[in-house]
Structure formats: structure tokens, C-alpha cells
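Close look at the chain arrangement
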Amino acid sequence: MASDDTPKRSGFAMATPVTGAAGSTSGSPGTASGPPGTTSSSPGSTSGPAGSTSGPQGTASGPQGTASGPQGTASGPAAVNGSGGPDPLQMDPAGAETELRPGDLVDLDAERATSDVDEVLDRLDHELVGLAPVKTRVHEIASLLLVDRARRRFGLGSDRPSLHMCFTGSPGTGKTTVALRMAELLHRMGYLRRNQLVSVTRDDLVGQYIGHTAPKTREVLKRAMGGVLFIDEAYYLYRPDNERDYGQETIEILLQAMENDREDLVVILAGYKDRMDSFFGSNPGMGSRVAHHIDFPDYTAEELLAIARL
């Protein structure tokens, strides 16, 4: 049942799409030094008619503009990232790199259409009754990432924005459902490899004896890598009244993963607002890594009645 408080989606001004030169190889393709059919004593050899060179650093063939060597491969117009494949955040819908030139304009409406985020946002709006502030915040995050996605595709992006989040509110207010939609949203936009949510609590992370906590925490992180790790009632990880508690070890491992694996993992912490505030106050390193805070309000009587009628 759709609610009447669905947030209005902010529009984007239409502009002409950007076209640019595809990633190209340097130098004149398919050329070789020296007269046809000559050889030299230096590493590698040249043969005139074929127009190719070979040496210890790899081979190059002129007409195709390809190069292979110990550092990876590059082929023709396609740009290649560090892992040997194209970076989806730096490619246009046709699969080629684009170059932003002076005077060019970016069509963010077209960028939004190619990302398919509207389907996820519309489903979120219709699945959940009420929660207008939450829906508005999710729309804002999606718009922010659309701009970042466009900037990175045109080579204007800087570091990847932090996507770790904190959901606060009472139980049953839809935090897990929104986390599922957030995982799908980030996957469609290319910020996550997998459309996956791993939901855990303290019992899944903290061990009961020395040497037990680290393996449990790292196993959970391994399962969640590439997607979203959702930690419900995260403040239970920290128990200052118990000196022999092993929750602090889990927090330290999480802090390291949230920083070192920030491009392959999104952590969402959830719980009551007052307790989460105390948790961040006791662990400032955790608070500094969480960029987005979303508060889930309690349902009104009318909204509870609408839920009962679904």
C-alpha cells in the first residue's frame, strides 16, 4: 500500500550529453623503426612488412593498438583498470571512456536512466508505509552518488565517498528492509560487486574465550565482502563494565575493514538512537567512519492502521 507522504524526487536539468575521445594508445599505431626486413642486436627484433616489435617487455601489433606485458593488457579503445577489466564508473553506457571538454554539459537525467535506480526507489516508496524522512534521505544519497558516478566517468572524481551508515530507531520500523534496498541500490550503481546483505548481531561476531573473537569476526567480514554488512544493536559490541569482554577486539577489526576495504564493503550499524550516540561517543574512530545517519521515526496511529490493512 503506497503512502501519501512519498518524497518528491528532485529533478535534474536537461543538457546535451557529453561525447569524448575513447581511451587511445600513444604513438603511431602499427609503425616500426628501421628499414623493412632489418634486425638489430638490441633486445627484441623488428620486421618491416609486419610492422611489429617484440622484446622482454611485451609485444605490440600496430593495426590493433594492443599491448601485452607483465603489468597487464590493454586493447584498442577500451580503458582498463588495475584489475585488468573496465571500470564501470568510468565508462559511458556504450562501454567506452568519455572525455569532458570545456563547454560540455552532463545530462544527469540520462545518467539516472542508465543506472536503473528509479525502480529501486519506487519499490521502496511503495513497500513501506510512512517513513517519509527515511525515504527522502535515501533519495538524497542516490542523487549524491549519481553526481559522483558522472564525475568519475569523466575523470573528475576524487576518492570514493564513504558509504558506511547508521540506522537509528525502534525495532520494527523498517531498518532491515531499507538496508536490503540500499544494498540493491549500491549494486546497480556500481558501488558494490554483489547485491547482498549479511545481517548479524553481537553473538555472530564476538567469541567467548581468548582467540575466538578474531576468527569469528573475520569470517563474517569474508562473507559480507562485496556487499553490505548489517550489524543490529551494534552498541552491544562495547561493554565498558566488563573488562574481560572481547567486543573491543571486534570493534578494532571492524574499524580496520571499514577503512581498508571501503571500496568493497559497506557497513550499516543499527539500534536505538540514544545508545548508538553513546556507542559513537565511546568509539570516536567508528563515528568518524560513518558518513550517513538515518533516523527512523515511530509509526503514527494512522500509519499503524494502514499497515494492518495491507
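Whatever comes next refers back to the structure up there.
Below is a short write-up of the structure. Given the structure is predicted, the values throughout are model-derived calculations rather than measurements.

1. Remarks on helix α2 (residues 117-127)
Buried residues of α2: Val 117, Val 120, Leu 121, Leu 124 and Asp 125, and no others. For α2, the angular spread of the buried residues around the axis is 135 degrees, confining them to a single face. Contacts made by the buried residues of α2 are with α1 (108-115), α3 (132-153) and α4 (175-188).

2. Focus: the pattern of salt bridges
Enumeration according to the criterion identifies 11 salt bridges in this entry. Ionic pairing is found between Arg 289 and Glu 259, a salt bridge with its closest N-O pair at 4.0 Å. Remark: Glu 259 occurs in helix α7 (residues 247-260) and Arg 289 occurs in helix α9 (residues 284-289); sequence separation between them is 30 residues. A relative accessible area of 21% places Arg 289 in the partly exposed class. Note on Glu 259: relative accessible area 37%, which makes it partly exposed. Between Lys 273 and Asp 277 there is a salt bridge, with its nearest N and O atoms 3.8 Å apart.

3. Observations regarding the side chain of Asp 148
Along the chain, Asp 148 turns up in helix α3. If sequence neighbours within four positions are ignored, Asp 148 has contacts with Pro 161 and Tyr 191.

4. Points about the pairing of strand β10 (residues 292-296)
Regular strands place side chains that alternate from one sheet face to the opposite one. On β10, burial follows the alternation: His 292, Ile 294 and Phe 296 on one face are buried, whereas His 293 and Asp 295 on the facing-out side are not. Pairing of strand β6 (residues 165-169) with β10 involves five bridges; the strand directions are parallel. Paired with Cys 166 across the bridge in β10 is His 293.

5. Let's talk about the sheet that holds strand β7 (residues 197-200)
Across the sheet, five strands lie side by side as β7-β8-β9-β6-β10; this open sheet has parallel pairing. Two strands lie at the open edges of the sheet, namely β7 and β10, each paired on one side alone. Pairwise comparison of adjacent strand axes, ignoring direction, gives a mean angle of 20 degrees for this sheet. Across four bridges, the pairing between β6 and strand β9 (residues 266-271) is parallel. Bridge pairing in β9 places Met 165 opposite Ile 268. Lying on the sheet, α3 is in contact with β6 and β10; it crosses β10 at an angle near 160 degrees.

Reading guide: rules and limits
- Residues numbered from 1 in each chain as written.
- Predicted model: local features only at pLDDT ≥ 70, side-chain atom pairs only at ≥ 80, totals over all residues.
- Heavy atoms only, no water.
- Buried < 20%, exposed > 50% of the residue type's maximum accessible area, 1.4 Å probe, protein only.
- Helix = DSSP H or I, 4+ residues; strand = E, 2+ residues; numbered from the N terminus.
- Arc of directions from axis to C-beta.
- Contact = heavy atoms within 4.5 Å.
- Salt bridge = Lys/Arg side-chain N within 4 Å of Asp/Glu carboxyl O.
- Pairing = 2+ DSSP bridges.
- Axes fitted to C-alpha atoms, helices over the stretch in contact; angles between N-to-C directions.

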